[in-house]
Amino acid sequence: MAGPSSPDQRPISGADMLVHGRTKEIGTVTVAAGVEDPTAKAIQRGNELAAIKAERGGGEVLAGLESQKRRSFDLSRQTALRTRFGAGRAEVGDGGKIVLNKDGLGVDAASVESNSKSAERVIGQVSSVLNYTEVILEAQKTGKTPEAVMKDKKIKKPEWSDLRSSALNAIIDTDAIRSLMPDLDQLSDKAEQLKFIENALAKDPAFHSKIAEKMIAAEARTREFTSAASDGELDVHQETSKASKEAMAASARDAVDKMVTAGLSIPDADAQAQAIQKMLETGTNPDQITAQILAAVRSQQMAARPDMAIVENFYVAKAKYDALLPRMKGIKSLPATAQTRLQDEFDKADAALTTTETQFTSLADPVASEQALVALNGLLSAKSENGIYNSPIAQDLAGGVAARKRLTESEQAYKKKAASGREKESDARAQRLAEESDVITDMESILSESIGEVLSDRLQEMRSLDVLRRQKDEQALEETGKKDEAEALKKLGTAVESNWSKLDMKDRKRTIDRAQIGADVRILAYKGQEGLRNLIRRDLVKGGQFSLDGALVDVNTMTPEQTEKMEALIDSVLQQEGQNYARRLFADFIEARQLGNSRSKDIELTGTLKNLGLKDHEWDLLAKNFEGMITPHSQSSGGAELMAQLQKEGIDIKGKGGSFLLSLLFMLLGTVGVASAAAFKKTP
Amino acid sequence: MALNLPFSASEKKRIEDLLADRIILALQQGEILEEVAIDAASFIRPQLETIQDRNQLVAFLQELTSRWSFFASVYQDEKKVELIGKIETELSQMSANQR
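This one's a predicted model, so the numbers in the text were calculated from it and none came from an experiment.

K.L.:
Can you help me understand the sheet that holds strand β9 (residues 603-606) of chain A in this one?
P.N.:
Hydrogen bonds along the backbone pair up the strands of a sheet, which may run parallel or antiparallel. Residue and element names in this part refer to chain A. Sheet architecture is open: three strands sit in the order β5-β6-β9, paired in mixed fashion. The sheet terminates laterally at β5 (501-504) and β9, the two strands that pair on one side only. The sheet shows a mean angle of 20° between the axes of neighbouring strands, taken without regard to direction. Here four bridges tie β5 to strand β6 (residues 509-513), and the two strands are oriented antiparallel to one another. Bridging from a neighbouring strand, S501 pairs with I512 of β6. Against the sheet, helix α21 (residues 514-540) engages β6 and β9, with an angle of about 45° to β6. Helix α22 (residues 560-595) rests against β5, β6 and β9 of the sheet, and its axis sits at about 100° to β6.

Structure below.
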């Protein structure tokens with residue numbers, strides 16, 4: 001398909017590619033006035049996926065497509081996630097702020113607070129990137145201003161410029177970016193760095209989705225946290241205690257009401273009820289509480305009514321006198337000592353009776369006083385046959401006594417449970433805090449991992465598309481009778497796929513040879529184009545044989561003519577494939593640096609990180625020798641579009657003599673489109 | 001009745017390849033747009049993780065086809081495999097009974 005046919009039509013731009021996070025077939029999809037042809041885009045995507053499927057299988061195709069699914073982790077989920085930290089003590093307070101209840105935490109309070117703060121910090125940081133990318137993607141999609149999108153999405157704080165700045169700085173401060181560009185600060189000013197990261201990475205929906213996906217996974221893990229809340233049984237005991245105390249209070253009030261109704265002298269009914277309630281609650285033996293309360297009330301009433309005391313004293317004295325009378329009848333038969341003792345006792349009883357009788361008969365209304373005493377005794381002192389109080393007041397108090405018994409049992413159980421519960425709760429909290437710390441630690445690397453995965457995905461895609469492009473080139477060479485060239489290209493392709501980074505199709509494990517990558521990059525630094533030719537030559541004569549005139553020839557026994565022909569062919573391959581070869585080496589170099597000392601089970605790193613560390617002058621040499629080469633392909637690409645966008649924003653990557661590493665990253669971020677364009681430009 | 005074989009790792013890979021091929025073909029033929037492919041893959045991936053045996057696989061493919069008809073051929077092919085398995089089992093039972 002031809003390229004743009006009118007000024008109204010343009011190829012799918014690199015920005016579009018970055019928006020979709022995927023490569024597009026340049027030159028085959030044309031759009032009118034900025035409107036994409038979705039069917040052409042689908043067909044192109046199908047072709048790309050076919051290449052990926054051929055190299056990495058159907059599972060990878062499905063995974064790649066799934067990764068394009070826009071994930072989100074909105075404000076409410078961000079807030080809810082914060083409350084999962086702090087041993088279950090965090091709640092959302094006014095204005096959505098997190099409030100930590102530290103009551104009863106004891107020595108755990110500091111750890112709980114520390115976890116809560118760490119979670120707040122890391123969730124805040126990741127959320128700022130999520131919210132920023134959400135806004136910028138939506139703004140890009142709808143054409144609205146970021147401020148308008150923020151309003152739509154109810155993101156009130158901070159202001160857009162602050163949100164953008166904090167998010168981009170958080171990205172730049174990640175290990176992934178720092179390990180890629182340790183001297184980023186020296187390479188360009190801050191504003192340029194932010195613009196670069198914004199255009200090259202943050203506008204990629206895959207980046208947003210990966211972060212959101214990891215936050216969703218973190219959120220899922222928090223649902224598995226050990227519960228550190230109070231033991232439910234303790235709550236039951238506390239409830240029982242509360243109910244028991246209420247029952248005792250009610251019982252005391254009922255008893256006092258009855259006393260008032262019966263005409264007892266109760267100056268302050270509430271105080272009387274509280275006093276009885278206190279006795280119910282604090283009495284040492286529940287079985288004796290009724291007797292103690294009744295005795296106390298009786299004593300109180302007798303003190304208040306001296307006439308009843310006189311009546312009672314008279315009857316007590318009379319009872320004693322009456323009891324002694326029968327014994328006095330037989331006094332003469334007693335021994336002399338016993339006669340004297342009994343006589344004394346009787347005389348005292350007689351005297352007491354005389355005294356109390358005098359007092360009794362002196363009362364203003366002895367009959368009324370006697371009736372009052374009888375009534376009091378009936379009300380308080382009545383007992384059943386087996387000696388249990390069954391007076392009306394005692395019956396009222398029975399409910400309180402039963403409640404007191406429940407309270408005693410409840411308190412005993414509570415103390416027992418509280419001790420073991422507190423211990424259990426403390427153990428659970430320690431476990432919970434450890435689990436929280438694990439998730440917090442993992443969340444701290446979410447940004448870095450997401451950046452790494454976005455870069456790796458682009459690299460993987462570039463690799464797949466490179467394979468497809470080479471196959472097409474080989475086919476084209478064979479069709480035009482250039483069998484030796486096709487064979488050389490094939491051999492170089494095999495080398496490119498295994499020199500620096502090799503995928504084992506059996507276990508899907510990628511081995512990255514850091515020593516080889518570092519050595520080859522240094523060859524490019526010191527030898528420039530000559531070094532590039534040397535590397536390509538090395539790979540083409542590997543095994544000591546070279547395909548000439550359709551037959552394999554031993555390079556050690558070649559005739560001068562054959563050697564000349566071989567060298568010419570190598571020059572031809574250099575011309576055709578040199579740029580792709582160097583780009584691929586640099587891409588593997590960037591990936592190896594970005595991986596650091598990763599311990600992923602899917603990656604085996606040989607050599608050391610030191611192999612990848614270049615000296616300043618080596619960077620300068622690379623920049624001098626390859627600055628032009630990493631300029632994106634002229635046939636439109638993600639790289640060209642990205643560069644145009646950056647230039648539009650005042651950043652000239654090419655002008656940054658010392659920023660070769662930045663240029664390399666730029667190349668990686670934008671180069672996918674180049675491979676794609678080259679791969680598909682010959683598609684009929 | 002055909003044996004309800006467990007859904008092995010190799011079987012899973014085979015199904016992934018079949019479904020990916022179907023999606024790719026549907027895209028290349030302009031039968032579906034990229035968004036549909038994304039939705040379908042997002043549905044397939046987690047579902048495949050939960051499948052334990054062949055019965056569940058066939059049920060999943062039926063569900064998949066009811067959502068996106070372009071998967072019908074995969075479902076029908078797997079049903080055929082199911083049917084063949086059933087016939088083979090019955091034949092071997094008949095053979096065993098005759099002996």
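K.L.:
It is not clear to me how the side chain of R429 of chain A should be interpreted in this structure. Could you clarify?
P.N.:
Relative to the helices and strands, R429 of chain A is located in helix α18 (residues 392-444). With near-sequence residues (within four places) excluded, R429 of chain A lies in contact with A87, R89, L105, D108, V112 and A228 of chain A.

K.L.:
Mind showing me how you'd approach a negative patch on the surface here?
P.N.:
All names here are of chain A. Negative charge collects at one region of the surface, where D344, E345, D347 and D350 lie side by side. Within the secondary structure, E345 is located in helix α16 (residues 336-362). Judged by relative accessible area, E345 falls into the partly exposed class, the value being 34%.

K.L.:
Help me out: how do you make sense of the interface of chain B and chain A in this one?
P.N.:
You'll often see interface size given as the accessible area lost when the parts meet. Counting residues at the interface gives 21 residues for chain B, matched by 21 residues for chain A. Both faces combined, the contact of chain B with chain A buries some 1900 Å², and carbon together with sulfur accounts for 66% of it. It is Q28, E34 and R45 of chain B that lose the most area in chain B upon contact with chain A, and together they represent 29% of the buried surface on that side. Counting across the interface, chain B meets chain A through five salt bridges. As a salt-bridge pair, D21 of chain B and K53 of chain A come within 3.0 Å of each other at their nearest N and O atoms.

K.L.:
I would appreciate a short explanation of the packing of aromatic side chains in the present structure.
P.N.:
For any pair of aromatic rings, the description consists of the separation of the ring centres together with the inter-plane angle of the planes. All names here are of chain A. Per the stated rule, a full pass over the model turns up 10 aromatic pairs over all chains. Look at F314 and F360: their rings are 4.7 Å apart centre to centre, the planes differ by 0°, and that puts the pair in the stacked class. Remark: F360 occurs in helix α16 and F314 occurs in helix α15 (residues 306-329); sequence separation between them is 46 residues. Each member of the pair F314 and F360 is classed as buried.

K.L.:
Explanation requested: the packing of α21 of chain A against α22 of chain A in the structure shown.
P.N.:
Between two packed helices, both the angle of their axes relative to each other and the distance between the axes serve to describe the pair. Residues and elements named next belong to chain A. Running from N to C, α21 and α22 cross one another at 165°; their axes reach a closest spacing of 8 Å. Regarding the angle of α21 to α22, the classification is roughly antiparallel. At the point where α21 passes α22, the crossing takes the left-handed sense. Grouping the constituent residues of the contact of α21 with α22 by class yields 17 nonpolar, one polar and nine charged.

Criteria and thresholds
Residues numbered from 1 in each chain as written. Chains lettered and ligands numbered in written order. Predicted model: local features only at pLDDT ≥ 70, side-chain atom pairs only at ≥ 80, totals over all residues. Heavy atoms only, no water. Pairing = 2+ DSSP bridges. Helix = DSSP H or I, 4+ residues; strand = E, 2+ residues; numbered from the N terminus. Axes fitted to C-alpha atoms, helices over the stretch in contact; angles between N-to-C directions. Contact = heavy atoms within 4.5 Å. Patch = residues over 30% accessible without salt bridge, like charges linked within 9 Å, V, L, I, M, F, W, Y side chains within 5 Å. Areas by Shrake-Rupley, 256 points an atom, 1.4 Å probe, with all protein chains shown as cover. Salt bridge = Lys/Arg side-chain N within 4 Å of Asp/Glu carboxyl O. Lys, Arg positive; Asp, Glu negative; His and termini not counted. Charge placed at Lys NZ, Arg CZ, Asp CG, Glu CD. Buried < 20%, exposed > 50% of the residue type's maximum accessible area, 1.4 Å probe, protein only. Buried area = accessible area lost by both parts, 1.4 Å probe. Phe/Tyr/Trp six-rings, centres within 6.5 Å; stacked < 30°, edge-to-face > 60°. Parallel < 35°, antiparallel > 145°, perpendicular 65-115°, else oblique. Left-handed = near helix turned anticlockwise from the far one by under 90°. Nonpolar A, V, L, I, M, F, W, Y, C, P; charged D, E, K, R; others polar.

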